Amino acid sequence: MVTKMNQLINDAELENVVGGSGIQCVGVLSRLKDLGFNIKTPLVAGYESEAAEELKQIITDFNNKEHSKNSRRHLMPVIYDDNRPNQYYICGYRANPRIISEDELVNYLKKYS
């Protein structure tokens, strides 16, 4: 019997197969969906552009929430149109933006959404 765990490819393996950019967004949205986020984009190949736009919108909505305004921290995605791996930053008051991993991005969204 194939379990859901056996079907999942971790982000590092996925990145080695297809590069980065849009397909990484599909992976992040899939993880968010598993955490209960309402994801509208089909999480399959062919919807990478839509996945990138939805992830950008989720981050924009998150940045507009009260937590981000009060803590003066916000997230900033850099999503590429080619196969370069995407980058995610957390920016804070009086602090330089720092790159965070996809795991940190997902955990931050989970914790404060």
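This text gives an overview of the structure that appears in the document. Note that the structure is predicted; figures quoted are calculated from it, not measured. (Residues numbered from 1 in each chain as written. Predicted model: local features only at pLDDT ≥ 70, side-chain atom pairs only at ≥ 80, totals over all residues. Heavy atoms only, no water.)

**Let's talk about the pattern of salt bridges**
The condition is simple: Only one rule defines a salt bridge in this text: a Lys or Arg side-chain nitrogen within 4 Å of an Asp or Glu carboxyl oxygen. Every helix listed is a DSSP run of H or I at least four residues long, and every strand listed is a run of E at least two residues long, numbered separately from the N terminus. Only protein chains enter the calculation, and the probe is 1.4 Å; a residue is then buried if its accessible area is under 20% of its type maximum, exposed if over 50%, and partly exposed in between.
On inspection of all chains with the given rule, the structure shows three salt bridges. Between Arg31 and Asp103 there is a salt bridge whose closest N-O contact spans 2.7 Å. Here Arg31, found in helix 3 (residues 22-34), pairs with Asp103, found in helix 6 (residues 102-112); they are 72 residues apart in sequence, far enough to count as distant. On the basis of relative accessibility, which here comes to 42%, the residue Asp103 falls in the partly exposed class. Between Arg98 and Glu104 there is a salt bridge, and its shortest N-O distance comes to 3.4 Å. In this structure Arg98 comes out as partly exposed when scored by relative accessible area, which is 45%. On the basis of relative accessibility, which here comes to 33%, the residue Glu104 falls in the partly exposed class.

**Considerations on the sheet that holds strand 3 (residues 95-100)**
Stated precisely, the cut-off is as follows: Only strands joined by at least two bridges in the DSSP assignment are considered to pair. The axes used here are C-alpha line fits, helices contributing only the stretch in contact, and every angle between their N-to-C directions lies in the interval 0 to 180 degrees. Whether two residues are in contact is decided by their heavy atoms, any of which lying within 4.5 Å being enough.
The three strands are arranged 1-2-3 in an open sheet whose pairing can be described as antiparallel. Single-partner strands in this sheet number two, and they are strand 1 (74-78) and strand 3. In this sheet, neighbouring strand axes are inclined to one another by 25 degrees on average, regardless of whether the strands run parallel or antiparallel. Of the strands in this sheet, strand 1 and strand 2 (87-92) are in contact with helix 4 (residues 48-64), which crosses strand 1 at around 160 degrees. Along the sheet, helix 6 makes contact with strand 1, strand 2 and strand 3, crossing strand 3 at roughly 110 degrees.

None of this, on its own, says anything about what the molecule does.
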